[in-house]
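What follows is each chain in one-letter form.
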Amino acid sequence: MSAVYIYGGIIRSMKLTFFWCERDASIQQAILIANKKSEHKDIVDLLKRRMEGFITANKYVMISYNISNELLHDALKITPGKKSPNITALDNGKFKAVSSLVLKKESNNKMDELHDMGATDILTVQLTNTRM
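A quick note: this is a predicted structure, and the numbers were derived from the prediction, not measured.

> Report on the overall build of the protein, specifying residues and quantitative values.
Looking only at helices and strands, the protein has four helices and four strands in total. For the protein, the succession of helices and strands along the chain, N to C, is α-α-β-α-β-β-α-β. Relative to its 132 residues, the protein shows a buried fraction of 30%. Intrachain contacts of the protein at a sequence separation of at least 6 include 68% that bridge at least 24 residues.

Spelled out as structure tokens, the structure:
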């Protein structure tokens, strides 16, 4: 599904037109042109936020893994996250569960590095949309 189709209704309701749109699932850039004097600033801001979320979701994946407390510090150097990783203690007290955003193009290498250092249960999850 292309961005044109997703946002077509909003675009038409504001009497705007797309000049160009790549119909590729790996869209990494979009240009939104709006009149600074628009009476629809709230809708323009909403559309911008949605486009940014879509682009981010196509650039990143969520990586999750379990790691021993002793190796946590080194593992976080591999997966520092976009802002910061989410770290949760496991019930046994000896391991942590880590979730972090990583660039999609780097995910396989990061999974290999984590595996080689002793991380287990390593998963990547594709994102469909985000709000950052």
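Right, picking up where we left off after that structure.
> Residue-level account of the nonpolar core, with values.
Counting twelve residues, the largest nonpolar core consists of Val61, Ile63, Tyr65, Ile67, Leu72, Ala75, Ile78, Val98, Val102, Leu114, Ala119 and Ile122. Elements supplying a minimum of two residues to this core: strand 1 (60–68), helix 3 (72–78) and strand 3 (95–103). The element that contributes the greatest number of residues to this core is strand 1, accounting for four residues.

> Before we move on, can you summarise the pairing of strand 2 (residues 86–89) with the specific residues and values?
The sheet contact formed by strand 2 and strand 3 spans four bridges and is antiparallel. Bridged to Asn86 within strand 3 is Ser99. As consecutive antiparallel partners, strand 2 and strand 3 are separated by five residues, and within that stretch Gly93 has a phi angle of approximately 80°, a positive value.

> Go over the pattern of salt bridges, please, and point to the residues and values.
Across all of its chains, the model carries four salt bridges by this definition. We note a salt bridge from Asp45 to Lys41, for which the minimum N-O separation is 3.1 Å. Of this pair, Asp45 and Lys41 are both found in helix 2 (residues 41–59), four residues apart, which corresponds to roughly one turn of the helix. Overall, the relative accessible area of 33% leaves Asp45 in the partly exposed class. Here Lys77 and Asp74 are joined by a salt bridge, their closest N and O atoms 3.7 Å apart. Of the two residues, Lys77 and Asp74 both sit in helix 3, three residues apart, roughly one turn of that helix. Since its relative accessible area comes to 58%, Lys77 is described here as exposed. Taking the relative accessible area as the measure of exposure, Asp74 reaches 35% and is therefore partly exposed.

> Let's hear about the sheet that holds strand 2: which residues, and what values?
Strand order in this open sheet of four strands is 2-3-1-4, and the pairing throughout is antiparallel. Lying at the two open borders of the sheet, with one neighbouring strand each, are strand 2 and strand 4 (120–126). The average undirected angle you get between the axes of adjacent strands in this sheet is 15°.

> Account for helix 4 (residues 107–117), naming residues and giving values.
Within the span of helix 4, buried status applies to Ser107, Lys110 and Leu114. Buried residues in helix 4, looked at end-on, bunch into an arc of 65°, giving them a common side. The exposed residues of helix 4 that point more than 90 degrees off its buried face are Asn108, Asn109, His115 and Asp116. As for helix 4, its buried residues are in contact with strand 1, helix 3, strand 3 and strand 4.

Rules used throughout
Residues numbered from 1 in each chain as written. Predicted model: local features only at pLDDT ≥ 70, side-chain atom pairs only at ≥ 80, totals over all residues. Heavy atoms only, no water. Helix = DSSP H or I, 4+ residues; strand = E, 2+ residues; numbered from the N terminus. Buried < 20%, exposed > 50% of the residue type's maximum accessible area, 1.4 Å probe, protein only. Contact = heavy atoms within 4.5 Å. Core = buried A, V, L, I, M, F, W, Y, C linked by side-chain atoms within 4.5 Å. Pairing = 2+ DSSP bridges. Salt bridge = Lys/Arg side-chain N within 4 Å of Asp/Glu carboxyl O. Axes fitted to C-alpha atoms, helices over the stretch in contact; angles between N-to-C directions. Arc of directions from axis to C-beta.

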